[in-house]
Amino acid sequence: MAAPMELSCWGGDWGLPSLHPESLTVMAYAKFSGAPLTVNTINNLWRAPKGDLPVLVSQDIVISQPAKILNFLRRQKYNADYDLSAKQGADTLAYIALLEEKLLPALLHTFWIEAENYCSVTKPWFASRIAFPLSLYLPGKMSREALNRILLTKGGPPLYTLTEVEAQIYRDAKECLNLLSKRLGTSQFFFGDTPTTLDAFVFGFLAPIYKVCFPRVQLQEHLKQLPNLCRFCDDILTCYFRLTVSGHSPAGQDTADANLQKLTQLVNKESNLIEKMDDNLRKSPQHPPRKLTTLKLAAGGEESSPMSRLSP
Amino acid sequence: AEPWPENAALYQQLKEEQILLSDNASSLAVQAFLQMCNLPIRVICRANAEYMSPSGKVPFIHVGNQVVSELGPIVQFVKAKGHSLSDGLDEVQKAEMKAYMELVNNMLLTAELYLQWCDDVTVEEITYPRYGSPYPWPLNRILSYQKQWEVRRKMKAIGWAGKTLEQVLEDVDQCCHALSQRLGTQPYFFNKQPTELDALVFGHLFTILTTQLITDELSEKVKNYSNLTAFCRRIEQQYFEGHEKD
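Fair warning: this is a prediction, and the values are worked out from it, not measured in the lab.

What counts, and at which threshold
Residues numbered from 1 in each chain as written. Chains lettered and ligands numbered in written order. Predicted model: local features only at pLDDT ≥ 70, side-chain atom pairs only at ≥ 80, totals over all residues. Heavy atoms only, no water. Buried < 20%, exposed > 50% of the residue type's maximum accessible area, 1.4 Å probe, protein only. Helix = DSSP H or I, 4+ residues; strand = E, 2+ residues; numbered from the N terminus. Arc of directions from axis to C-beta. Contact = heavy atoms within 4.5 Å. pLDDT = per-residue confidence, 0-100. Pairing = 2+ DSSP bridges. Axes fitted to C-alpha atoms, helices over the stretch in contact; angles between N-to-C directions. Phe/Tyr/Trp six-rings, centres within 6.5 Å; stacked < 30°, edge-to-face > 60°. Lys NZ or Arg CZ within 6 Å of the ring centre and 35° of its normal.

1. Focus: helix α2 (residues 66-75) of chain A
All names here are of chain A.
- Taken together, the buried positions of α2 are occupied by Pro 66, Ile 69, Leu 70, Phe 72 and Leu 73. Looking down the long axis of α2, one finds its buried residues gathered within 160° of arc, a one-sided arrangement.
- In the core, the buried residues of α2 are packed alongside β1 (5-9), α1 (21-33), β3 (55-58), β4 (61-63) and α7 (197-211).
- Downstream of α2 by one or two residues, Lys 77 has phi in the positive range, about 75°.

2. As for the confidence of the model for chain B
- Averaged over every residue, the pLDDT of chain B is 88; the share at 70 or more is 98%.
- Here the prediction assigns the complex a pTM of 0.80, and the interface score ipTM is 0.87.

3. So, the sheet that holds β3(A)
Residues and elements named next belong to chain A.
- The 4 strands lie next to each other as β2-β1-β3-β4, forming an open sheet whose pairing is mixed. With partners counted over all chains shown, the strands left at the sheet margins are β2 (37-41) and β4, one partner each. For this sheet, the mean inter-axis angle between neighbouring strands, taken without regard to orientation, is 20°.
- As paired elements, β3 and β4 share 3 bridges and run antiparallel to each other.

4. Description of the packing of aromatic side chains
Residues and elements named next belong to chain B.
- Summed over all chains, the structure comprises 14 aromatic pairs over all chains.
- Aromatic side chains Tyr 11 and Phe 60 sit 5.1 Å apart centroid to centroid with 10° between the ring planes, which places their arrangement in the stacked category. Taken together, the positions of Tyr 11 in strand β1 (residues 9-12) and Phe 60 in strand β3 (residues 60-63) put the pair 49 residues apart, joining distant regions of the chain. Taken as a pair, Tyr 11 and Phe 60 share a single burial class, namely buried.
- Between Trp 117 and Tyr 131, the ring centres sit 5.3 Å apart and the planes meet at 80°, which makes this aromatic pair edge-to-face. Linking Trp 117 in helix α4 (residues 91-118) with Tyr 131 in helix α5 (residues 120-131), this pair joins segments that are 14 residues apart in sequence.
- Above the face of the Trp 160 ring, Lys 163 is positioned so that its terminal group lies 4.0 Å from the ring centre.
- Between Arg 182 and the ring centre of Phe 190, over which it is positioned, the NZ or CZ distance is 4.9 Å.

This is the structure in structure tokens:
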């Protein structure tokens with residue numbers, strides 16, 4: 001209990017203390033149970049004891065998986081489940097299994113397998129926090145592991161192609177979100193007024209979906225239609241991660257500005273592209289000037305199709 | 001409700017020589033569910049049941065001209081025919097039921113698979129002889145190795161490959177503890193009426209209790225919880241007596 005405990009995990013962005021669901025779960029649990037944890041966000045993976053984050057180091061003990069870390073914290077008397085009845089403890093296990101089976105595949109898919117998301121957000125973000133040359137290898141490895149996991153657990157017959165598997169896992173994830181929303185109802189946390197292990201796990205899985213800005217966001221849109229889950233995430237962020245959030249707010253503001261700049265650049269690029277395509281069409285030899293009346297109609301038809309092709 | 005045909009059949013592997021612990025558990029769960037819905041079904045044992053199944057998993061049922069495999073899709077199929085056990089539950093209870101079914105699949109089923117395909121002693125003495133028994137050498141060995149490789153890949157992907165047998169038994173214990181707490185002193189998980197969760201739990205626990213393995217550690221873990229053993233006995237007496245149990 002007196003031994004200092006250090007947690008190494010992935011850092012955060014977009015208002016979150018961490019982007020990685022498991023790291024977030026452990027951090028949330030530590031806040032709920034009042035465990036004094038010094039959090040080291042990884043900037044250089046060479047220093048991590050094993051490659052697998054999050055990792056808790058206390059004196060000489062190294063523990064690596066979230067369930068084991070939580071067990072260790074409980075043994076050190078930092079127990080957030082103290083007031084739970086035995087039945088509620090059983091419910092916790094069941095809901096955690098539900099999250100892992102139904103929500104985690106879609107979460108992994110959104111982060112690591114959806115091509116646009118992976119290439120524009122996940123890979124650059126993780127690569128920027130890992131030392132070269134591991135940054136060339138590790139994001140790819142994590143992506144392959146995620147794909148492997150999804151295919152092996154969900155990809156058996158009668159689902160034969162990746163698109164069918166994707167459709168199924170997103171359906172499952174949306175159903176899981178609906179179930180969680182019904183279970184939460186109007187109460188502040190899942191078991192009354194104090195947060196417990198289940199709240200830590202749900203927060204760890206939901207917060208990245210809720211906050212991270214991806215190009216392809218069907219899961220986020222579904223989540224935003226469930227206001228009690230959004231309120232749950234926001235509550236935990238403001239109440240328990242208040243210091244971290246305010247500490248990061250200048251950086252948060254900067255990232256917001258940077259995002260805005262990127263967006264304006266993207267919009268400018270798109271409008272440049274549209275202008276170029278219009279120019280090309282006008283100069284194209286397929287529309288000789290003598291067919292003026294039909295040219296107007298055709299041009300009207302032609303202009304609408306590049307617009308529809310450019311919209312996402 | 002659509003009429004249930006007389007010749008509905010459930011296919012599984014050969015009961016005496018071939019079927020393994022996890023498949024037996026799944027098959028018993030489906031049989032229990034159909035009994036609870038009062039839908040008669042014949043059990044047919046075929047050596048190639050796994051290959052006949054549309055999803056590669058046993059058991060599967062052949063009803064009319066449709067073939068459906070695994071408990072989840074079978075429950076939905078039966079619901080579409082107008083029979084359901086969980087209609088009386090409210091939304092929160094349905095969410096709980098789904099969560100507990102995932103818990104059983106996630107922990108109990110995975111532990112059974114681990115025990116029979118990743119524990120070397122069990123693999124050598126029980127699984128290899130049983131799994132390929134209807135086939136001649138060397139096909140029986142090849143099929144067993146292939147299946148073992150598949151299961152080991154899956155275990156590695158979900159992070160169970162690094163677990164020792166003790167840790168797996170710990171997980172089974174935790175799962176049984178949770179189930180026991182949830183059941184409490186009620187006759188079924190959602191009080192008076194059985195649901196698909198009861199069928200699933202019965203299938204797994206009864207199989208664990210009655211299957212002879214190398215050691216009794218797995219069944220000992222379940223026997224520690226008297227309300228679970230009473231639950232199994234109650235369902236066995238109510239739904240399976242009067243039928244041939246071999």
